[in-house]
Amino acid sequence: AEMAARNASLALDTERRRLERGRERRREAMADLQEALGLPAPPVRMECYDISNLGETNAVASMVVFEAGAAHKAHYRSFTMRYDGGVNDFARMEEAVTRRFMRLARADGDPSFGARPGLVVIDGGKGQLGAALRGMEAAGVTGVPVVGLAKQQEEVFLPGRPAPVLLPEGSPALTT
């Protein structure tokens, strides 16, 4: 019984150290992101948006949420697109962001929509970033940092900057 108790105690200590190392890596990554993107604070809550299409119909936008660098699946949301003008990712991104941030402005009681993100990440380059910014403007929301992420070379597009930011390979900010 004593040996079992010691083994359990050692296993618990090992697990606590592993979890703390993970939290520390996520804190580092958020600090790296803050520095690389010139954010006013580490992005504790990040919301990531993407559009999925099945032909010209059945388009869906997804919102994936990370808090303190870890997935927060209870706050994931999807938006069935109302835009029906053909395949137009820009219009659909603008619609999704407008709808999400209108809910923030209304403070409608849904904890996922009531939380203000420290960073919004848009899947795509300058065009999608511009559409997201128009969506936030339409919702009357300001002061939320937004970036576009072009996946080919992990280029990060910032509003008002013509050239993307390239995060160093192996940067913790890339794995956040």
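Heads up: the structure comes first, above all this text.
Residues numbered from 1 in each chain as written. Predicted model: local features only at pLDDT ≥ 70, side-chain atom pairs only at ≥ 80, totals over all residues. Heavy atoms only, no water.

### Brief notes about the overall build of the protein chain
The secondary structure content of the protein chain amounts to four helices and eight strands. Counting from the amino terminus, helix and strand elements in the protein chain follow one another as α-β-β-β-β-α-α-β-α-β-β-β. If one aligns the C-alpha atoms of the protein chain with their principal axes, the spans along those axes are about 70 × 35 × 30 Å. Here the protein chain, with 176 residues, has 35% of them falling under the buried criterion. A separation of at least 24 residues holds for 53% of the contacts in the protein chain among residues at least 6 apart in sequence. Roughly 10,000 Å² of accessible area belongs to the protein chain as shown, and the carbon and sulfur atoms make up 54% of that amount. For the protein chain, the distance from the average site of its 23 positive side-chain charges to the average site of its 23 negative ones is 5 Å. (Helix = DSSP H or I, 4+ residues; strand = E, 2+ residues; numbered from the N terminus. Buried < 20%, exposed > 50% of the residue type's maximum accessible area, 1.4 Å probe, protein only. Contact = heavy atoms within 4.5 Å. Areas by Shrake-Rupley, 256 points an atom, 1.4 Å probe, with all protein chains shown as cover. Lys, Arg positive; Asp, Glu negative; His and termini not counted. Charge placed at Lys NZ, Arg CZ, Asp CG, Glu CD.)

### Structural notes on helix α1 (residues 2-37)
Counted at 1.5 Å a residue, the expected span for α1 with its 36 residues is 52 Å, and the 53 Å between its end C-alpha atoms agrees. For α1, the full list of buried residues reads Gly22, Ala29, Met30, Leu33 and Leu37. On its buried face, α1 is in contact with β1 (45-54), β5 (119-123), β6 (146-150) and β7 (155-157). Positive phi shows up at Gly38, right after α1, with a value of about 65°. (Expected span 1.5 Å × (residues − 1).)

### Here we look at the environment of Ala11
Secondary-structure assignment places Ala11 in helix α1. Since its relative accessible area comes to 46%, Ala11 is described here as partly exposed. In this structure the C-alpha to C-alpha distance between Ala11 and Gly124, which are 113 residues apart in sequence, comes to 43 Å.

### Some words on helix α2 (residues 89-106)
Given 3.6 residues per turn, any residue in an α-helix points the same way as the ones three and four places further on. The first and last C-alpha atoms of α2 sit 26 Å apart over 18 residues, in line with the 26 Å expected at 1.5 Å per residue. On the buried face of α2, the contacting elements are β1, β2 (57-67), β4 (77-80), α3 (111-114), β5 and α4 (126-139). Here α2 starts with a cap whose side-chain oxygen sits 3.1 Å from the backbone nitrogen of Phe90, and that cap is Asn88. (Polar contact = N/O pair within 3.5 Å; in protein donor to acceptor, adjacent residues only side chain to side chain.)

### Some words on the packing of aromatic side chains
In total, this model carries one aromatic pair according to the counting rule given. Between the aromatic rings of Phe79 and Phe113, the centroid separation amounts to 6.0 Å while the plane-to-plane angle is 50°, which identifies the pairing as tilted. Here Phe79, found in strand β4, pairs with Phe113, found in helix α3; they are 34 residues apart in sequence, far enough to count as distant. As far as the burial class goes, Phe79 and Phe113 line up, both buried. A cation over a ring is seen here: Arg77 above Phe113, with NZ or CZ 5.8 Å from the ring centre. (Phe/Tyr/Trp six-rings, centres within 6.5 Å; stacked < 30°, edge-to-face > 60°. Lys NZ or Arg CZ within 6 Å of the ring centre and 35° of its normal.)

### Re the pattern of salt bridges
Counted by the stated rule, this structure contains nine salt bridges. Put simply, Glu24 and Arg27 hold a salt bridge, and the shortest N to O gap is 2.9 Å. Of this pair, Glu24 and Arg27 both sit in helix α1, three residues apart, roughly one helical turn. What makes Glu24 partly exposed here is its relative accessible area of 36%. When salt bridges that share partners are traced, they join Glu20, Arg23, Glu24 and Arg27 into one network. (Salt bridge = Lys/Arg side-chain N within 4 Å of Asp/Glu carboxyl O.)

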